[in-house]
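What follows is the residue order along each chain.
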Amino acid sequence: MVGFENRGCCKRTLGDATHFGREIVCGSRVRILTFSTLYPSSVRPTHGIFVETRLRKLLETNAVCARVLAPSPWFPFKSPKLGDYSVFASVPLTEHRHGLQIDHPRYLLLPKIGMSSAPLTMFAGALPLLRKQIQEGGDFDLIDAHYFYPDGVAAVLLGRVLGRPVVITARGDDLDLISTYSVPRHWIQWAAARAAGLITVSNGLKRRLVELGTPVSRIRTLRNGVDLKQFRPQDRAAGRKGLRFNRPTILAVGNLVPKKRHVLVVEALPHLQGVDLAIVGEGPERGRIEAVACQLGVADRVRLLGRQPQQCLPEIYTAADVLAHPSSREGWPNVLLESMACGTPVVAGNFRGVEDIITGPSAGRILREATPASLAAAVLELLNAGPSRAETRRYAAAFDWNSTSRGQLELFTEIIQAHPRPSILARTAA
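Figured I'd write up the structure that's included with this text.

1. Thoughts on a nonpolar patch on the surface
A surface patch of nonpolar side chains, about 280 Å² in accessible area, is lined by Trp74, Leu108 and Leu110. Looking at the element boundaries, leucine 108 is found in the loop between strand S9 (106–107) and helix H3 (114–135). Since its relative accessible area comes to 40%, leucine 108 is described here as partly exposed.

2. Details of the sheet that holds strand S16 (residues 302–306)
The 6 strands lie next to each other as S16-S15-S14-S17-S18-S19, forming an open sheet whose pairing is parallel. Edge positions in the open sheet fall to S16 and strand S19 (364–367), since each of these has one partner strand only. Averaged over all pairs of adjacent strands, the angle between strand axes in this sheet comes to 20°, irrespective of strand direction. Two elements, strand S15 (residues 276–280) and S16, share 4 bridges in a ladder whose sense is parallel.

3. Here's the deal with empty space enclosed by the protein
The final tally for this structure, using the stated rule, is 1 cavity of 30 Å³ or more. In this structure, the largest cavity occupies an estimated 70 Å³ of space. Tallied by class, the residues present in the lining of the largest cavity amount to 5 nonpolar, 5 polar and 1 charged.

4. So, the layout of surface pockets
Space left empty within the atom packing is revealed by a probe, the size of a water molecule, rolled over the atoms. The space that makes up the second largest pocket amounts to roughly 370 Å³. Lining the second largest pocket are 20 residues, with Thr53, Arg56, Asp227, Gln230 and Gln310 positioned closest to its centre. At the level of elements, helix H1 (49–59) and helix H12 (334–341) are the ones that each hand at least two residues to the lining of the second largest pocket. Of the residues forming the lining of the second largest pocket, the biggest block, 6 residues, is contributed by H1. Of the residues in the lining of the second largest pocket, the class split is 6 nonpolar, 6 polar and 8 charged.

The rules behind each value
Residues numbered from 1 in each chain as written. Predicted model: local features only at pLDDT ≥ 70, side-chain atom pairs only at ≥ 80, totals over all residues. Heavy atoms only, no water. Patch = residues over 30% accessible without salt bridge, like charges linked within 9 Å, V, L, I, M, F, W, Y side chains within 5 Å. Areas by Shrake-Rupley, 256 points an atom, 1.4 Å probe, with all protein chains shown as cover. Salt bridge = Lys/Arg side-chain N within 4 Å of Asp/Glu carboxyl O. Helix = DSSP H or I, 4+ residues; strand = E, 2+ residues; numbered from the N terminus. Buried < 20%, exposed > 50% of the residue type's maximum accessible area, 1.4 Å probe, protein only. Pairing = 2+ DSSP bridges. Axes fitted to C-alpha atoms, helices over the stretch in contact; angles between N-to-C directions. 1 Å grid on protein atoms, 1.4 Å probe; cavity = no way out; pocket = protein on both sides within 12 Å on 5 of 7 lines; lining within 4 Å. Points joined across faces, edges and corners; volume = space filled by probe spheres on them. Nonpolar A, V, L, I, M, F, W, Y, C, P; charged D, E, K, R; others polar.

This is how it looks when you write it as structure tokens:
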């Protein structure tokens, strides 16, 4: 993979990774600035990891150089007593992950008016840093923005000031939820009309963007993939023993928030005698999950495993019998493909775009009705007459990252050719 930073002429290699500073050029490779609040950090290592994964897979083509701007809300205090906002205060201003430079400029997220003002404050927080980096030789050809609001809007504002084209990737709630509010919807429509390229991770999100007034010809669907080397079947017997999965076990993976509907999985357990549930994740719904499990008399069959690092997930996926993910809305939930790649079929909610992920019985089932009985029936169907684990793994193998990376490169190249700058033309000619 290839990354770039702005600290002099310092060339070094990390595996196949080359870094470049102000005096080292990228040859004919495209220089992108990935811009998104959905990017992992040392403080939140799994936050938005799908954005990082897509970028790393793109860099493996050796056709792109990149660095990352991941704005973080400003907050003055680090005390855990102050809740989630205190985490923002601990995010470093600059760090490196997997050989890439990550900058975290601060922006104001104001109480009550934060949703409406965020694109402007994010733009104002990022612009001075980008201008400084460009002056020091850390230029880029294109802004690769992820999440339409406020990130994509701020990126278009930056692109217009700096004279750089912008590509926005829509990922889920940015279109499914945030666009239902008046002010964000107008910003989204404004940015969509001015972005040089538009990507959605599912056909469902593409349809939503068309509903918002974007011509279908301007939108490309480039789905997320799955890292088949990382997510692959493990020693199932050893994993089940180590995790104490002694009976058929449903697995749920995701933040404990209402839209994930973890409570619905708990409510299905009375219909699933002899079946346990393990949940990976943390969040504000934890107390409600525990309370419902006690009320239904299934607390002894529910285990909350908390957050787990990425490297531990393949063992957990492999050890489970079914993954339940009955979300009410999603963009492209990576957990579905991760589970399938480890051989475990899934039951997924009937959210926009799920038909792009589950296209046949080898993958699992789509939950047509969000009721405990329906969820239990789908789980029992997979437990009693589901696909073999090898079939499910083969299904997931078709979702590698190669086609997505090719699609990005094609789009980026087209945009740069349509928005030439002298530095780009001279570099390409060389």
